[in-house]
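# Coordinate analysis (summary)
So the chains spell out like this:
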Amino acid sequence: MKRLLFVLVAGLALSAHADQPLWELGLGVGGLRLPHYRGSDQSHDLILPVPYAIYRGKIFRATREGARAVLLDGERFDFDLSLAASPPTRSVDNVARAGMPNLAASVELGPNLNVKLAQGPGWKVDLRLPVRAVVSVQSRPQQLGSTARPVINLDADWQGWDIGAQAGPLWASRANNAYFYSVDPAYATAARPAYQARAGSGGWRWTTGASRRFGALWVGAFVRWDSVAGAVFEASPLVRQRSQFTYGLAMSWVFAVSDERVAFDD
């Protein structure tokens, strides 16, 4: 789920209503289960503090789309810079990667084109086309190639709940796929033969989430299904499971709200 805490909050904190506070701040707690990496048969189970941060500026925005800088905003499309992140995985905790280097946390940044496809009372469908460069987060950052993750996205209001769903394929460069799925000869074993990943398809992903405000209390949850079936790295010995679920639940108490209000329809 590669946008760990911020997506758990800002990615589910749907705010598709006009006349909103410029900013809101809160703090809470969340539970999250996610695989060590896509294709792993082991998962992290985490209980974490969850910051709630919403900002509805003309250029910088931190809302359901995540943190982004809007460069062009039109009737049918907008263009922005988007950010994503993934947590680290220690190889000592993962049987498939035992004896291999750890997977560092990473940050993704790049342009994103959003095209509005359809809209009605309380709902809209758009096409999102993010392309991001990936860099590891460590003492000596490493360039980890790039990703492209187009999705069809649905946002809707239903009986006071904000509902979101999106699905689409994933692609990655050779460097990115190799970081997660290649096995250098130095780390090959009888049960883990050497393998070199190449650029191309990374399978499919489907995500749905819901959130709601009850006064100052915000609650949100999501479920994501990932499949690496048909991916160019499917034959990697590090792929132990071809589909998996990620899910999380969070709640936050909103303790500060801006007096300034803005017309906002995200």
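Quick look at the structure, then. (Residues numbered from 1 in each chain as written. Predicted model: local features only at pLDDT ≥ 70, side-chain atom pairs only at ≥ 80, totals over all residues. Heavy atoms only, no water.)

### Considerations on the overall build of the protein chain
The secondary structure content of the protein chain amounts to two helices and 15 strands. Across the protein chain, contacts joining residues at least 24 apart in sequence account for 65% of those joining residues at least 6 apart. Summed over its atoms, the accessible surface of the protein chain is roughly 12800 Å², and 63% of this surface lies on carbon and sulfur atoms. (Helix = DSSP H or I, 4+ residues; strand = E, 2+ residues; numbered from the N terminus. Contact = heavy atoms within 4.5 Å. Areas by Shrake-Rupley, 256 points an atom, 1.4 Å probe, with all protein chains shown as cover.)

### What to know about the side chain of His 44
With respect to the helices and strands, the residue His 44 is situated in strand β3 (residues 43-56). What makes His 44 buried here is its relative accessible area of 17%. Here the side chain of His 44 touches Thr 89 through a polar contact of 3.3 Å, side chain to side chain. Excluding residues that lie within four positions of it along the chain, His 44 makes contacts with Leu 32, Arg 33, Leu 34, Pro 35, His 36, Pro 88 and Thr 89. (Buried < 20%, exposed > 50% of the residue type's maximum accessible area, 1.4 Å probe, protein only. Polar contact = N/O pair within 3.5 Å; in protein donor to acceptor, adjacent residues only side chain to side chain.)

### Things to note about the pattern of salt bridges
Side chains that carry opposite charge are capable of pairing whenever their charged atoms lie near each other. If you walk through the whole model with that rule in mind, you get 10 salt bridges. With its nearest N and O atoms 3.1 Å apart, the salt bridge here joins Asp 226 to Arg 205. Of this pair, Asp 226 sits in strand β13 (residues 217-227) while Arg 205 sits in strand β12 (residues 200-214); the two residues are 21 residues apart in sequence, bridging distant segments of the chain. Of the two residues, Asp 226 and Arg 205, neither departs from the other in class, the shared state being buried. Linking Glu 234 and Arg 242 is a salt bridge whose minimum nitrogen-to-oxygen distance equals 2.8 Å. Residue Glu 234 is classed as partly exposed on the basis of its relative accessible area, which comes to 22%. For Arg 242, a relative accessible area of 39% translates into the label partly exposed. Each of the salt bridges in this network shares a partner with another, and the network as a whole consists of Arg 38, Arg 205 and Asp 226. (Salt bridge = Lys/Arg side-chain N within 4 Å of Asp/Glu carboxyl O.)

### Some remarks on the pairing of strand β14 (residues 243-257)
Working note: regular strand, side chains alternate between the two faces of the sheet. Bridge analysis of strand β2 (residues 23-35) against β14 gives 10 bridges, and the strand direction is antiparallel. Looking across to β14, one finds that Gly 26 is bridged to Val 254. Here β13 pairs with β14 via 11 bridges, running antiparallel. Of the residues in β14, the one forming a bridge with Phe 222 is Gly 248. (Pairing = 2+ DSSP bridges.)

### Digging into the nonpolar core
With 19 residues, the main nonpolar core has Tyr 37, Tyr 179, Phe 180, Tyr 181, Phe 233 and Leu 238 as its most contacted residues. Residue contributions to this core peak at three residues, all from helix α2 (residues 174-181). With six residues, the next largest nonpolar core counts Val 50, Ile 54, Trp 218 and Ala 250 among its residues. (Core = buried A, V, L, I, M, F, W, Y, C linked by side-chain atoms within 4.5 Å.)

### Re unusual backbone geometry
The phi angle at Gln 159 is positive, at roughly 50°, despite the residue not being glycine. Summarising the element assignment, Gln 159 is placed in the loop between β10 (151-158) and β11 (161-172). The exposure class assigned to Gln 159 is exposed, which follows from its relative accessible area of 60%.

### Overview of α2
Burial analysis of α2 places six of its eight residues in the buried class, which makes it a mostly covered element. For α2, the full list of buried residues reads Asn 176, Asn 177, Ala 178, Tyr 179, Phe 180 and Tyr 181. Its buried side turned inward, α2 meets β8 (123-137), β9 (143-148), β11 and β12.

### Some remarks on the packing of aromatic side chains
Going through the model one piece at a time under the given rule, you end up with six aromatic pairs. When the ring of Tyr 52 is compared with that of Trp 218, the centres are 5.6 Å apart and the planes differ by 55°; the resulting orientation is tilted. Note that Tyr 52 is positioned in strand β3 and Trp 218 in strand β13, a separation of 166 residues in sequence. For the ring pair Trp 161 and Phe 214, a centre distance of 6.1 Å and an interplane angle of 75° mean the geometry is edge-to-face. Highlighted residues: Trp 161 in strand β11 and Phe 214 in strand β12, separated in sequence by 53 residues. The exposure class assigned to Phe 214 is partly exposed, which follows from its relative accessible area of 42%. One aromatic cluster in this structure is built from Tyr 37, Tyr 179, Phe 180, Tyr 181 and Phe 233. (Phe/Tyr/Trp six-rings, centres within 6.5 Å; stacked < 30°, edge-to-face > 60°.)

### A look at a nonpolar patch on the surface
Nonpolar side chains collect at one region of the surface, where Trp 23, Leu 25, Leu 27, Tyr 55, Trp 253 and Phe 255 lie side by side and expose about 630 Å² of accessible area between them. Of all elements in the fold, only β2 and β14 reach the threshold of two or more residues within the nonpolar patch. As for its position among the elements, Phe 255 is in strand β14. (Patch = residues over 30% accessible without salt bridge, like charges linked within 9 Å, V, L, I, M, F, W, Y side chains within 5 Å.)

### Here's the deal with the side chain of Ser 182
Turning to its location among the elements, Ser 182 is positioned in the loop between α2 and β12. For Ser 182, a relative accessible area of 7% gives the class buried. Of note is the side chain of Ser 182, whose polar atom sits 2.8 Å from the backbone nitrogen of Ala 197. With residues up to four places along the chain from it excluded, the contact list for Ser 182 reads Met 100, Asn 177, Tyr 195, Gln 196, Ala 197 and Leu 238.

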